[in-house]
Amino acid sequence: MDPKELPSNVRDDEISEETKKLISSLPSRIDYQGNKICKYQGCWYFYNTLQGVLNFQRGFQPQDTDIILASYPKSGTTWLKALTVALLERSKKHSSDDADHPLLYDNPHGIIPFLEIDVYSESSSPNLAKFSAPPRLFSTHMPLHTIHREALKHSPCKIVYVCRNVKDTLISCWFYSSAIYKIEPTRSVLESRFEEFCNGTNYFGPFWEHILSYWRGSLEDPNYVLFMRYEEMKAEPRDQIKRLAVFLGCPFTKQEEDSGSLDKILDLCSLRNLRSLEVNKTGQSINNVEHSFFFRKGEVGDSKNYLTPEMENKIDMIIQEKLQGCGLKF
Ligand code: A3P
């Protein structure tokens, strides 16, 4: 496949001389697809993504009202983005049939871009005119220590993290990356992905460091980091969306609940509805990813259909070892 056809964050063609120099001092490797990847502040990045991370760390000026949606890739980011947009849109005037709702015209990733992959991919001082009206909504796959370290240290902005069962996340990554690379999701691809996942050497890995950074952040200051779980959102969507709304400072009124506004949002943001929208059937993200790739099955426990008992055991053992004593269970 011509590298130019890949999403730009996966490539290595937009890095500065300074970043090249930094990379030469970092642990680096070639991943299962032949892409260069390196470890910075404990997390693995493709080179162009690292450039975005560095640009972000240099240039991001937080505003107190900023909201950052964070996740490990394939953990429910698209859903969380859609729900957040829908919750905040309640305060705006829409036509009576909601025909002008932004979710009908853009994919959730177009409305809430990634800091390191979209906004800061090319420069540490991007044009942020699009975000002029507060709250500014951003997203990230960076671990908390990487966004927190320089940029957010003294900011009261809000962070929402969505965490998913790591086995389902792995399977979702396997299907998604196969779609991106236009390859068959074969067993041998799954096995390579599994090895990297378990070694913690995959893009944005290790998963345990990622999850722990936000878990600890949420324990330290629950007003700063809201820790959500994909499985809980599936099992009790009404309770979880109310929790999200309270955290974002826009709780549902009794009248809204009684009038069905909450259920309307859940329906608007359902996988079934989002994937059926024209913009998500045919469009592409700023980063050249087909919108349809973001919607697959959305099932809890789908990994059972693909992982062998040995693979499951290995992941269970890693979770037990790495998350021991932190209070987080899978
Ligand atoms: P599966 O591959 O298991 O189906 P992300 O949004 O972080 O990229 O995660 C993608 C996963 O979330 C995919 O999981 C996708 O199907 C699922 N997903 C996307 N939109 C969703 C929605 N509105 N509700 C529930 N799950 C959704």
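Attention in this report is confined to the structure presented alongside it. (Residues numbered from 1 in each chain as written. Predicted model: local features only at pLDDT ≥ 70, side-chain atom pairs only at ≥ 80, totals over all residues. Heavy atoms only, no water.)

As for the overall build of the protein chain
What the protein chain contains, in helices and strands, is 16 helices and seven strands. Computed over its C-alpha atoms, the radius of gyration of the protein chain comes to 19 Å, within 12% of the 20 Å expected for a compact globule of 330 residues. Along the first, second and third principal axes, the C-alpha atoms of the protein chain reach 55 × 45 × 45 Å. In the protein chain, 72% of the contacts between residues at least 6 apart in sequence involve partners at least 24 apart. Accessible surface for the protein chain amounts to roughly 15100 Å². Of this, 51% is attributable to carbon and sulfur atoms. Side-chain charges in the protein chain split into 40 positive and 44 negative, and the spacing between the mean points of these groups amounts to 2 Å. (Helix = DSSP H or I, 4+ residues; strand = E, 2+ residues; numbered from the N terminus. Rg over C-alpha atoms; globule rule 2.2 N^0.38 Å. Contact = heavy atoms within 4.5 Å. Areas by Shrake-Rupley, 256 points an atom, 1.4 Å probe, with all protein chains shown as cover. Lys, Arg positive; Asp, Glu negative; His and termini not counted. Charge placed at Lys NZ, Arg CZ, Asp CG, Glu CD.)

Comments concerning the sheet that holds strand β7 (residues 225-229)
The four strands lie next to each other as β5-β4-β6-β7, forming an open sheet whose pairing is parallel. Two strands in the sheet have a free side with no partner beyond their single neighbour: β5 (137-140) and β7. In this sheet, adjacent strand axes meet at a mean angle of 20° when their direction is disregarded. In this sheet, strand β6 (residues 158-163) lies alongside strand β4 (residues 67-71) in parallel orientation, the contact comprising five bridges. (Pairing = 2+ DSSP bridges. Axes fitted to C-alpha atoms, helices over the stretch in contact; angles between N-to-C directions.)

Regarding the pattern of salt bridges
Scanning the entire structure with this criterion turns up 21 salt bridges. Put simply, Lys314 and Glu195 hold a salt bridge, and the shortest N to O gap is 3.9 Å. On the criterion of sequence distance, the pair formed by Lys314 in helix α16 (residues 309-322) and Glu195 in helix α8 (residues 187-199) is long-range, its members being 119 residues apart. Under the relative-accessibility criterion, Lys314 is labelled partly exposed at 35%. A salt bridge links Arg296 to Asp302, with the nearest nitrogen and oxygen atoms 2.7 Å apart. For Arg296, a relative accessible area of 27% gives the class partly exposed. (Salt bridge = Lys/Arg side-chain N within 4 Å of Asp/Glu carboxyl O. Buried < 20%, exposed > 50% of the residue type's maximum accessible area, 1.4 Å probe, protein only.)

Description of the pairing of β5
Here β5 shows two buried faces, one formed by Leu137 and Ser139 and the other by Phe138 and Thr140. The pairing of β4 with β5 spans four bridges and is classified as parallel. Across the sheet, the residue bridging to Ile67 is Leu137, located in β5.

Here's the deal with the environment of Leu190
Assignment of secondary structure puts Leu190 in helix α8. Classification of Leu190 as buried rests on a relative accessible area of 0%. For the pair Leu190 and Pro309, spaced 119 residues apart in sequence, the C-alpha to C-alpha distance is 14 Å. Once residues within four sequence positions are removed from consideration, Leu190 is found in contact with Ile171, Trp174, Tyr306, Leu307 and Met311.

Quick look at the packing of aromatic side chains
A complete count under the given rule lists 20 aromatic pairs for this structure. Ring plane angle 85° and centroid distance 5.6 Å describe the contact between Phe60 and Phe138, whose orientation is recorded as edge-to-face. Of this pair, Phe60 sits in the loop between α2 (47-59) and β4 while Phe138 sits in strand β5, and the two are 78 residues apart along the sequence. A residue is classified by how much of its surface remains accessible, and Phe138, at 0% relative accessible area, is buried. With 4.6 Å between their ring centres and 45° between their planes, Trp174 and Phe175 make a pair best called tilted. There is no split in this pair, since Trp174 and Phe175 are both buried. Among the aromatic side chains, those forming a connected cluster through ring pairs are Phe56, Phe60, Tyr120, Phe131 and Phe138. Across the ring face of Tyr176, the terminal group of Lys74 is positioned such that the distance to the ring centre comes to 3.5 Å. (Phe/Tyr/Trp six-rings, centres within 6.5 Å; stacked < 30°, edge-to-face > 60°. Lys NZ or Arg CZ within 6 Å of the ring centre and 35° of its normal.)

Let's talk about the sheet that holds strand β1 (residues 28-30)
With respect to topology, three strands assemble into an open sheet ordered β1-β2-β3, the strand pairing being antiparallel. Edge positions in the sheet fall to β1 and β3 (43-46), since each has one partner strand and no second. Taking the axes of each pair of neighbouring strands and ignoring which way they run, one obtains an average angle of 30° across the sheet. Pairing between β1 and strand β2 (residues 36-40): three bridges, direction antiparallel. Considered in β2, the bridge of Arg29 is made with Ile37.

Notes on the site of the ligand
If you check the shell around the ligand, you find 18 residues, and the closest are Thr77, Thr78, Ser172, Lys297 and Gly298. A distance of 2.7 Å separates an oxygen atom of the ligand from a polar atom in the side chain of Lys74. Of all the secondary-structure elements, those providing two or more residues to the shell around the ligand are α3 (77-89) and α14 (271-276). Looking at the shell around the ligand, the element that brings in the most residues is α3, giving three residues. Here the shell around the ligand is composed, by residue class, of seven nonpolar, seven polar and four charged. (Near = heavy atom within 4 Å. Polar contact = N/O pair within 3.5 Å; in protein donor to acceptor, adjacent residues only side chain to side chain. Nonpolar A, V, L, I, M, F, W, Y, C, P; charged D, E, K, R; others polar.)

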